[in-house]
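Each chain, written out:
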Amino acid sequence: MAHLAGLAASAPWFFPLLAFVVGACVGSFLNVVIARLPAAESVVTPRSHCDCGAPIAWHDNIPLVSWFVLRGRARCCGRLFSIRYWFVEALTAALFLACWLLLPPARALCGWIFLSGLIAATFIDLEHLVIPDVLTLGLGLSGVLLSCLVPALQGPASGLFALDSVRAGTASAEGLCVGSGLVLWTALLGTAALKKEAMGLGDALLVGGIGAYCGWKGALFSLFGGAAVGVVWFAAAFCLRPLRKAPAEPLGFGMRVPFGPMLAIAGALYFLVLRHPVDAWFERLAPLF
C-alpha cells in the first residue's frame, strides 16, 4: 500500500489514466453483453466477430481507437458499425474515471461493478424493452455481498469490521427490499389504474439492485429522480420535434418508452455526486414523521 501511495504521489495521473483505460476495456466487453445477452448467447464464446461471420482481429478491436481507424466500417466486408459501440466504451471509461476521482478507492472499485450493470441494463432496455434478470439479480446480490466486504459502501465505518459488515449488509438488504417492493407496488397500482402494464418486473428488480448499492434512500431517489429524468426526456423530445424531417413521432410520443434507463441515470447520479445532499434532505425530513 505504501508503494501504491508513493506511485500516486509521484505520478498523480497514473491511476486516473488506468481507470479510464480499464473502463474503455470493460465498455468493449459490455458491448458484447448488450448484443448477446438478450439473444441468450454466451458472452465468452465465440470470440468477437462481424455480422458476416468473419472474426475481428485484435488490432481492429481496440477500445475507442479502432472505430475511428476503421471509420465505422468492418475491415472484412465494409459493413457499418453502430456508433453505439464507441459510445458505450467512452461512457464506461468516463464513468470509471469519475468513480476514481470522486470516491475513495474501495468504493470506486465497487462503483465500477455497479455502473457496469447499469450501463448494460440501460442499452438492453433501450433496444429490447426488457432488462435480463441476470443483470438485475446480479446487481442485487453483488450489492449485498460487496456491502459486507466494503462497509464504507453504505456509509461511514466505525473501525470494527465485523460490526460494520453486519450494519452495511443489513442496510444493503433493506435497500434491496424497499426498492424492489416499492416499484412492484407502484407497478401493480399503475397497471390497475391504467388497465395496462405500467412498469415491468425488470424495473422493480433494477431499483432493488440500485438499493443494494445505495441503500433505501438511493432506491427511493432513483424512482423519483428517474421520473424527473423522464420529464427532461419528454421535454427534449418535444423541443426537438420541429427539427425532425420525418413525419414519424420522436421518441417518447406515441411510443413505449423504457423506464429502466431513467432509473439507471438517477441511480448513477446518486452514487457519484448526490448521496450527501439527498441523505441530508432525508435527515431534515425525518423529524416530520
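Data block above holds the structure.
The rules behind each value
- Residues numbered from 1 in each chain as written.
- Predicted model: local features only at pLDDT ≥ 70, side-chain atom pairs only at ≥ 80, totals over all residues.
- Heavy atoms only, no water.
- Patch = residues over 30% accessible without salt bridge, like charges linked within 9 Å, V, L, I, M, F, W, Y side chains within 5 Å.
- Areas by Shrake-Rupley, 256 points an atom, 1.4 Å probe, with all protein chains shown as cover.
- Salt bridge = Lys/Arg side-chain N within 4 Å of Asp/Glu carboxyl O.
- Helix = DSSP H or I, 4+ residues; strand = E, 2+ residues; numbered from the N terminus.
- Buried < 20%, exposed > 50% of the residue type's maximum accessible area, 1.4 Å probe, protein only.
- Phe/Tyr/Trp six-rings, centres within 6.5 Å; stacked < 30°, edge-to-face > 60°.
- Lys NZ or Arg CZ within 6 Å of the ring centre and 35° of its normal.

1. Here's the deal with a nonpolar patch on the surface
A cluster of nonpolar side chains, W13, F14, L17, L18, F20 and V21, forms an exposed patch at the surface whose accessible area comes to about 540 Å². Tracing the sequence through the fold places L18 in helix 2 (residues 14-36). Of the residues examined, L18 reaches a relative accessible area of 39% and is grouped as partly exposed.

2. Focus on the environment of A173
Counting through the fold element by element, A173 comes out in helix 7 (residues 161-194). Judged by its relative accessible area of 29%, A173 falls in the partly exposed class. Here the alpha-carbon distance between A173 and G211, two residues 38 residues apart in the chain, equals 8.0 Å.

3. A few points about the packing of aromatic side chains
Two descriptors summarise a pair of aromatic rings, namely the distance from one centre to the other and the angle between the planes of the rings. As enumerated under the stated definition, the model contains 14 aromatic pairs in all. Between F81 and Y85, the ring centres sit 6.4 Å apart and the planes meet at 65 degrees, which makes this aromatic pair edge-to-face. Since its relative accessible area comes to 25%, F81 is described here as partly exposed. The class of Y85 is partly exposed, set by a relative accessible area of 32%. Seen in terms of ring centroids, F87 and F123 are 6.1 Å apart; in terms of plane orientation they differ by 65 degrees. Their pairing is edge-to-face. On the criterion of sequence distance, the pair formed by F87 in helix 4 (residues 83-102) and F123 in helix 5 (residues 105-128) is long-range, its members being 36 residues apart. Exposure remark for F87: the relative accessible area of 43% places this residue in the partly exposed category. Taken together, W13, F14, F15, F96, W100 and W112 form an aromatic cluster joined through their ring pairs. A cation over a ring is seen here: R84 above Y85, with NZ or CZ 4.7 Å from the ring centre.

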